[in-house]
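Overview (structure and organization)
Single-letter residue listing:
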Amino acid sequence: MDVIVVGGGIVGASAAFHLTKKGVSTALVDASHLGQATAAGTGVVFPWPFPWDAPPVWDFKARAAAHYPELMAELAEDGQSTGYEVVGGLSVDREGGDSGYELLSTLSQRPEFATMGRVERLSEGEPRDLFPLLPEAYSGVRVEGMARIDGRRVRSALFDAAGERGLRYYKGDSRLLWNGHRVTGVRVGTEDLEAPTVIVAAGAWSAGLLSVAGVDLGVRPVRGQVTHFALPGRDTRPWPVVRFGELDHYVSAFGPDRVVTGATSEPEAGFDRRVTASGLLHNLSSALELLPELAEASVVETRVGFRPGTHDGQQLLGPVERLPGVLVATGLGSQGLTFGPFQGVVAARLAMGEGPGPDLSAFVPDRPQHPSVA
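**Notes on the overall build of the protein chain**
- Secondary structure summary: the protein chain contains 8 helices and 19 strands in total.
- By the compact-globule yardstick of 21 Å for 374 residues, the protein chain fits well, its C-alpha radius of gyration being 21 Å.
- When the backbone C-alpha atoms are referred to their principal axes, the protein chain occupies close to 65 × 45 × 45 Å.
- Within the protein chain, buried positions represent 55% of all 374 residues.
- Of the contacts formed within the protein chain by residues at least 6 apart in sequence, a portion of 72% connects residues at least 24 apart.
- Looking at the protein chain as shown, the accessible area adds up to about 15,500 Å², and 49% of this sits on carbon and sulfur atoms.
- Across the protein chain, the centroid of the 33 positively charged side chains sits 4 Å from that of the 44 negatively charged ones.

Pasting the structure below:
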């Protein structure tokens, strides 16, 4: 075996797919933790960088934005169902501002923003024509290239495509194997799996894998509670994703009649996977304040996911100096569904001894930490 991937979320599944596609002998080990962030996200895909992003972040996001539709098309040609749909996105505002129109319009003219598509200003009432639950008072901006993704389906698509290319799968908790000089593989239950390279892509659980080797990886769980509503008789499939600019709050819609809103951000909750009264109240209050017509909707479920948060808000991607043989790919926080597939690509390239593509200098996994966790 050449590479072992630990973690079966969107990052690990992407890494496994890209490795097996290149003919690399690969195993994926997944503990199937309840609360995996991939399964709980709202599914909004907005991968493009902003002018205030540091150069390495800009570089990574720009490459990810180009890669996303290419990967989804490749999986579709492979016969996989991803749930990826380019439905466009709205940024709306009650205050009469431009909702970011000037910025987005300027960015969309640059070559690296080709996948953003057309950016158009919407006058008061026009956002409601596209997302019928919005009050008439909203104006906004429409970004043609924004998409939504079903995290469970795209993870399954990547995993199944990798399986067709020879991926070996092991379910269970794992522990790194160390020979005193380097990591040589992982132990799953009582079985030792050996490989010269291990990709740790276990999301919020990644720190526990490295702590047994004395490495304090700067990633912690940030609980998010996301509420799903059903609107029987309403076809929500063509509805765009929506960002409420004044609150930085997102809503997405899925077929046949579902609306998803949230999420909470709870960095002090640890791995407590309960749906809490305060979390549900937050989601219901926010939803009804922004979309009053949801008062007549059915509350279907609230999903709990543990996002991998970092001390400085930047991802962890690359080798760990004190653990030769280990590559880390995690720490995307609330943007895992947007950037996870490309993070997996970069991890796969590193595992194969290739250049990563983007500049990873800002994402060194064992960089110095600060007290707070983003």
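There's plenty left to go through after this.
**With respect to unusual backbone geometry**
- Residue proline 256 is reached from glycine 255 by a cis peptide bond, and omega for that bond is 0°.
- You can see proline 256 is positioned in the loop between strand S15 (249-254) and strand S16 (258-262).
- Cis geometry is found at the peptide bond from glycine 262 to alanine 263, where omega equals 10°.
- Structurally, alanine 263 is set in the loop between S16 and helix H7 (277-290).

**A closer look at helix H8 (residues 336-351)**
- Counting buried positions along H8 yields 14 of 16 residues, so the element is predominantly enclosed.
- Once H8 ends, the next one or two residues include glycine 353, with phi positive near 80°.

**Quick word on the nonpolar core**
- Within the largest apolar cluster, 44 residues are counted, with the highest numbers of intra-cluster contacts made by Leu19, Leu75, Ile199 and Leu317.
- The greatest single-element share of this core, amounting to 8 residues, is contributed by H8.
- For leucine 75, the contacting residues outside a window of four places in its chain are Phe17, Gln80, Thr82, Ala157, Leu158 and Ala161.

**Considerations on the sheet that holds strand S19 (residues 326-330)**
- Spatial strand order, S8-S2-S1-S12-S19-S18: 6 strands in an open sheet with mixed pairing. Each of the sheet's edge strands pairs with one partner strand only, and the pair in question is strand S8 (168-171) and strand S18 (316-319). If you compare each strand with its neighbour and ignore which way they point, the axes differ by 20° on average.
- Pairing of strand S2 (residues 26-30) with S8, which is carried by 4 bridges, proceeds in the parallel orientation. Across the sheet, the residue bridging to leucine 28 is tyrosine 169, located in S8.

**Details of the pattern of salt bridges**
- Tallying each qualifying case throughout the model produces 22 salt bridges.
- Two residues, aspartate 53 and lysine 61, come together in a salt bridge whose shortest N-O distance is 3.2 Å. Residue aspartate 53 shares its accessibility class with lysine 61, and that shared class is buried.
- Note that aspartate 59 is salt-bridged to arginine 63, the shortest N-O span being 2.9 Å. Of this pair, aspartate 59 and arginine 63 both sit in helix H2 (residues 55-77), 4 residues apart, which is roughly one turn of that helix.
- Its relative accessible area of 21% is what places aspartate 59 among the partly exposed residues.

**Describing the packing of helix H1 (residues 10-21) against H8**
- The interhelical angle for the contact between H1 and H8, taken along N-to-C directions, is 40°, at an axis separation of 7 Å. Comparing their axes, H8 and H1 come out oblique. The interaxial crossing formed by H1 with H8 has right-handed handedness. Of the residues in H8, those touching H1 at Ile10, Val11, Ser14, Ala15, His18 and Leu19 are Gly336, Leu337, Gly340, Pro341, Gln343, Gly344, Val345, Ala348 and Ala351.
- Split by residue class, the contact of H1 with H8 holds 9 nonpolar, 6 polar and no charged.

Each value, and the rule that gives it
- Residues numbered from 1 in each chain as written.
- Predicted model: local features only at pLDDT ≥ 70, side-chain atom pairs only at ≥ 80, totals over all residues.
- Heavy atoms only, no water.
- Helix = DSSP H or I, 4+ residues; strand = E, 2+ residues; numbered from the N terminus.
- Rg over C-alpha atoms; globule rule 2.2 N^0.38 Å.
- Buried < 20%, exposed > 50% of the residue type's maximum accessible area, 1.4 Å probe, protein only.
- Contact = heavy atoms within 4.5 Å.
- Areas by Shrake-Rupley, 256 points an atom, 1.4 Å probe, with all protein chains shown as cover.
- Lys, Arg positive; Asp, Glu negative; His and termini not counted.
- Charge placed at Lys NZ, Arg CZ, Asp CG, Glu CD.
- Core = buried A, V, L, I, M, F, W, Y, C linked by side-chain atoms within 4.5 Å.
- Pairing = 2+ DSSP bridges.
- Axes fitted to C-alpha atoms, helices over the stretch in contact; angles between N-to-C directions.
- Salt bridge = Lys/Arg side-chain N within 4 Å of Asp/Glu carboxyl O.
- Parallel < 35°, antiparallel > 145°, perpendicular 65-115°, else oblique.
- Left-handed = near helix turned anticlockwise from the far one by under 90°.
- Nonpolar A, V, L, I, M, F, W, Y, C, P; charged D, E, K, R; others polar.

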